[in-house]
Amino acid sequence: MTSDTARPTTAAPAGAAGADDGPDAATAARNKLVIGLLLVSAFVVILNETIMGVALPSLTRDLDITVTAGQWLTTGFMLTMAVVIPITGFLLQRFDTRPVFITAMSLFSLGTAISAFAPGFSVLLIGRVVQASGTAIMMPLLMTTVLTLVPPATRGRTMGNISIVISVAPAIGPTISGLILSVLEWRFMFILVLPIALAALALGAVRVKNVTTPTKVPLDVLSVILSAFAFGGVVYGLSTFGEGAEAAVPAWVPLAVGVVALVAFVLRQRALQRTDTALLDLRTFASRTFTMSTLVLGIGMIALFGTLIVLPIYLQNVHGLDPLATGLLLLPGGLVQGLLSPIVGRLFDKYGPTVLLVPGTALVTAVLWFLSTVSESTPIPMVLGAHVALSIGLALMFTPLFTSGLGSLPGRLYSHGSAVVGTVQQVAGAAGTAVFVTVMTLAATTAASGGAGDVAAASSGVRAAFLVGAVISVFAVVGSFFVRRPPVVEGAEKVVAH
């Protein structure tokens with residue numbers, strides 16, 4: 001700890017952890033306000049990642065576009081997130097908390113305004129890309145700030161609130177859009193969000209204080225370019241798998257470009273790490289707990305996003321529910337997950353990750369196995385119960401994974417760890433959507449060619465998708481045994497030292 005001691009991560013490390021008497025009342029109140037504002041702002045921006053799915057029929061009709069083109073409103077959002085998030089590690093090191101927050105919320109508000117008043121599809125897509133740019137910055141900013149300010153001994157409960165943002169906001173996005181579209185046109189999905197975003201921007205500009213000390217790190221332009229091709233190529237390739245022959249470019253092309261660029265990106269970062277100038281410091285993976293937590297988190301995101309795309313298709317195409325009824329049916333699961341997350345955080349602080357992760361991953365796996373048996377005769381209440389049980393399992397997973405994984409890192413790697421986690425979320429979300437949709441499409445096509453009716457073929461495709469998801473989730477159960485709680489004393493020393 002020679003040169004690093006001259007590069008503090010926090011402006012007031014005593015306010016984070018390891019001080020003699022902890023933060024004073026004024027510092028504690030400031031920290032609580034900053035985290036609260038970031039939580040509310042992050043919930044608003046993340047909500048928009050999945051809000052477009054239910055609106056697709058209305059958009060294709062009003063804007064006179066194909067379904068494939070309409071999917072780009074979600075694919076483009078995820079693609080932008082995947083490209084921007086890896087750069088946030090540099091941004092959070094280089095700039096103060098307040099200007100980064102203002103930039104993120106300004107971009108999101110601008111994108112929301114563009115989308116609300118877009119005259120056509122092209123401008124609407126531009127608005128979604130600008131929205132995603134702000135969203136990509138917000139989540140790593142929130143995580144890094146919490147890791148910096150909250151003592152390790154009580155970090156779990158705050159991470160529980162972050163779990164609400166990361167997992168519940170995408171889950172209830174379709175419900176909210178379904179409610180809006182039942183009485184208003186699609187523009188109001190953005191018009192209603194805009195004043196909330198502007199209020200969060202105004203309040204944050206006044207009340208958010210700088211809680212980190214910037215470091216003058218250089219920006220490696222080659223790393224930025226490689227990162228864009230690597231993560232953008234992988235996410236785009238995975239997202240186009242489900243389009244099959246309708247895709248403008250075969251999925252293997254961007255995937256191949258992404259994989260080659262990813263290898264080059266990793267090699268570049270390993271070289272830059274020798275001088276502490278990496279865009280995304282991969283020494284985060286030197287921590288076994290961080291590595292295992294990230295792997296299990298990726299599997300959890302595959303299950304979450306795969307279910308979010310396939311379950312509504314099952315309810316609408318097999319059971320004949322309309323979008324509003326589908327959104328309302330998925331709402332209880334999202335609410336249960338939101339209610340449980342802070343409780344899980346407190347349990348983590350008391351008991352550690354294992355007693356939460358093992359039953360959580362097992363429950364997710366069991367529910368996916370059940371969903372692989374559904375048919376047109378499966379009662380709706382049973383499907384509702386399965387979704388609630390899945391949400392409980394995910395709630396038991398996400399908070400321990402965020403807290404253990406990121407908490408196992410030294411303070412100087414907090415921003416990089418947050419960027420890695422955010423990137424994995426986007427890639428895993430795209431992978432979950434691609435795997436579930438591709439398997440579902442292939443199985444449904446096979447069943448239809450064998451003489452099955454439309455409903456029976458759709459049901460067969462859904463079962464196949466959930467079966468593959470269940471098999472993948474078994475690896476999460478195994479990985480959950482290898483996630484450990486970071487030592488509290490060690491974590492506190494790291495924050496103070498850096």
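Residues numbered from 1 in each chain as written. Predicted model: local features only at pLDDT ≥ 70, side-chain atom pairs only at ≥ 80, totals over all residues. Heavy atoms only, no water.

Undergrad: Account for the overall build of the protein chain, with residues named and values stated.
TA: Across its full length, the protein chain carries 17 helices and zero strands. Within the protein chain, the fraction of its 498 residues that count as buried is 58%. In the protein chain, the share of contacts with a sequence separation of at least 24, taken over all contacts with a separation of at least 6, comes to 85%. Only carbon and sulfur atoms are counted for the fraction: they give 70% of the accessible area of the protein chain, which is about 18,700 Å². (Helix = DSSP H or I, 4+ residues; strand = E, 2+ residues; numbered from the N terminus. Buried < 20%, exposed > 50% of the residue type's maximum accessible area, 1.4 Å probe, protein only. Contact = heavy atoms within 4.5 Å. Areas by Shrake-Rupley, 256 points an atom, 1.4 Å probe, with all protein chains shown as cover.)

Undergrad: How would you sum up the packing of aromatic side chains? Please name residues and give values.
TA: Any aromatic ring pair is given by two values, namely how distant the centres are and how the planes are angled relative to each other. With the rule as written, the count across this model stands at four aromatic pairs. The ring of Phe-95 has Arg-94 lying over it, and the distance from NZ or CZ to the ring centre is 5.5 Å. Just above the ring of Phe-348 sits the side chain of Arg-485; from NZ or CZ to the centre is 5.4 Å. (Phe/Tyr/Trp six-rings, centres within 6.5 Å; stacked < 30°, edge-to-face > 60°. Lys NZ or Arg CZ within 6 Å of the ring centre and 35° of its normal.)

Undergrad: Talk me through unusual backbone geometry; I want residue IDs and the actual numbers.
TA: Unlike most non-glycine residues, Asp-64 shows phi in positive territory, near 55°. Along the polypeptide, Asp-64 turns up in the loop between helix H2 (56–62) and helix H3 (67–94). By relative accessible area, which is 70% here, Asp-64 ends up exposed. Although it is not a glycine, Asp-276 sits at a positive phi angle of roughly 55°. Examined against the element boundaries, Asp-276 turns out to sit in the loop between helix H10 (252–272) and helix H11 (288–317).

Undergrad: Give me the pattern of salt bridges: which residues, what numbers.
TA: Inspection of every chain in the model, using the stated rule, returns four salt bridges. Note that Asp-220 is salt-bridged to Arg-268, the shortest N-O span being 2.6 Å. Of this pair, Asp-220 sits in the loop between helix H8 (194–207) and helix H9 (221–241) while Arg-268 sits in helix H10, placing them 48 residues apart in sequence. Residue classification places Arg-268 among the partly exposed positions, given a relative accessible area of 28%. For Arg-283, the salt bridge goes to Asp-276, with nearest N and O atoms at 2.6 Å. One network of salt bridges, in which partners are shared, links Asp-276, Asp-281 and Arg-283. (Salt bridge = Lys/Arg side-chain N within 4 Å of Asp/Glu carboxyl O.)

Undergrad: Outline H8, listing residues and values.
TA: For H8, with 14 residues, the first-to-last C-alpha span of 20 Å sits near the 20 Å given by 1.5 Å per residue. Inspection of H8 places Leu-194, Ala-197, Ala-200, Leu-201 and Gly-204 among the buried residues, and these make up the whole buried set. Each buried residue of H8 lies within a common arc of 130° when the element is viewed along its axis, so the set occupies one face. Those residues of H8 that are buried are in contact with helix H1 (25–47), helix H4 (97–116) and helix H7 (188–191). (Expected span 1.5 Å × (residues − 1). Arc of directions from axis to C-beta.)

Undergrad: Describe the nonpolar core, and please don't skip the residues or the numbers.
TA: As a rule of thumb, nonpolar side chains are buried together in soluble globular proteins. Ranked by size, the top nonpolar core spans 116 residues in total, and within it Met-105, Met-138 and Ile-162 carry the most contacts. Looking at which element gives the most residues to this core, the answer is H11, with 15 residues. The residues touching Met-105, leaving out its near neighbours within four places in the chain, are Ser-41, Val-45, Met-138, Ala-197, Ala-200 and Leu-201. By size, the runner-up hydrophobic cluster in this structure holds 16 residues, among which are Leu-63, Leu-73, Phe-121 and Met-189. (Core = buried A, V, L, I, M, F, W, Y, C linked by side-chain atoms within 4.5 Å.)

Undergrad: How would you summarise the packing of H11 against helix H14 (residues 380–407) if you had to cite specific residues and measurements?
TA: Relative to each other, H11 and H14 sit at 155°, their axes nearing to 9 Å. Of the possible angle classes, the one that applies to H11 and H14 is roughly antiparallel. Crossing geometry of H11 relative to H14 is assigned as left-handed. Of the residues in H14, those in contact with Thr-289, Phe-290, Ser-293, Val-296, Leu-297, Gly-300, Met-301, Leu-304, Thr-307, Leu-311, Tyr-314 and Leu-315 of H11 are Ile-380, Val-383, His-387, Leu-390, Leu-394, Met-397, Phe-398, Leu-401, Phe-402, Ser-404, Gly-405 and Leu-406. (Axes fitted to C-alpha atoms, helices over the stretch in contact; angles between N-to-C directions. Parallel < 35°, antiparallel > 145°, perpendicular 65-115°, else oblique. Left-handed = near helix turned anticlockwise from the far one by under 90°.)

Undergrad: So what about a nonpolar patch on the surface? Which residues, and what values?
TA: A cluster of nonpolar side chains, contributed by Trp-369, Leu-467, Val-471, Val-474, Phe-475, Val-478, Phe-481 and Phe-482, occupies part of the molecular surface with about 730 Å² of accessible area. The element contributing the most residues to the nonpolar patch is helix H16 (residues 454–480), with five residues. Along the chain, the position of Val-478 falls in helix H16. Judged by its relative accessible area of 48%, Val-478 is partly exposed. (Patch = residues over 30% accessible without salt bridge, like charges linked within 9 Å, V, L, I, M, F, W, Y side chains within 5 Å.)

Undergrad: An account of the side chain of His-416 is requested, with residue identities and associated values reported.
TA: Residue position: His-416 is located in helix H15 (residues 414–449). For His-416, a relative accessible area of 2% corresponds to the buried category. Leaving out residues up to four positions away in the same chain, His-416 has contacts with Gln-93, Ala-278, Leu-279, Leu-280, Asp-281 and Thr-284.

Undergrad: Outline the packing of H11 against helix H12 (residues 323–351), supporting the account with residue identities and numerical values.
TA: Two measures define how a pair of helices packs: the angle their axes make with one another and the distance between the axes. It is at 10 Å that the axes of H11 and H12 come closest, and there the two elements cross at 130°. In terms of axis orientation, H11 runs oblique to H12. Between H11 and H12 lies a crossing whose hand is right-handed. Of the residues in H12, those touching H11 at Leu-311, Pro-312, Leu-315 and Gln-316 are Pro-323, Thr-326, Leu-329 and Leu-330. In terms of residue class, the contact of H11 with H12 is built from six nonpolar, two polar and no charged. (Nonpolar A, V, L, I, M, F, W, Y, C, P; charged D, E, K, R; others polar.)

Undergrad: Hey, could you go over the environment of Val-44 for me, with residue numbers and the actual values?
TA: As for its placement among the helices and strands, Val-44 is situated in helix H1. Its relative accessible area of 12% is what places Val-44 among the buried residues. Residues Val-44 and Met-105 lie 61 residues apart in sequence; the distance between their C-alpha atoms is 10.0 Å. Look past the residues within four positions of Val-44 in its chain and what remains in contact with it is Phe-108, Val-193 and Ile-196.

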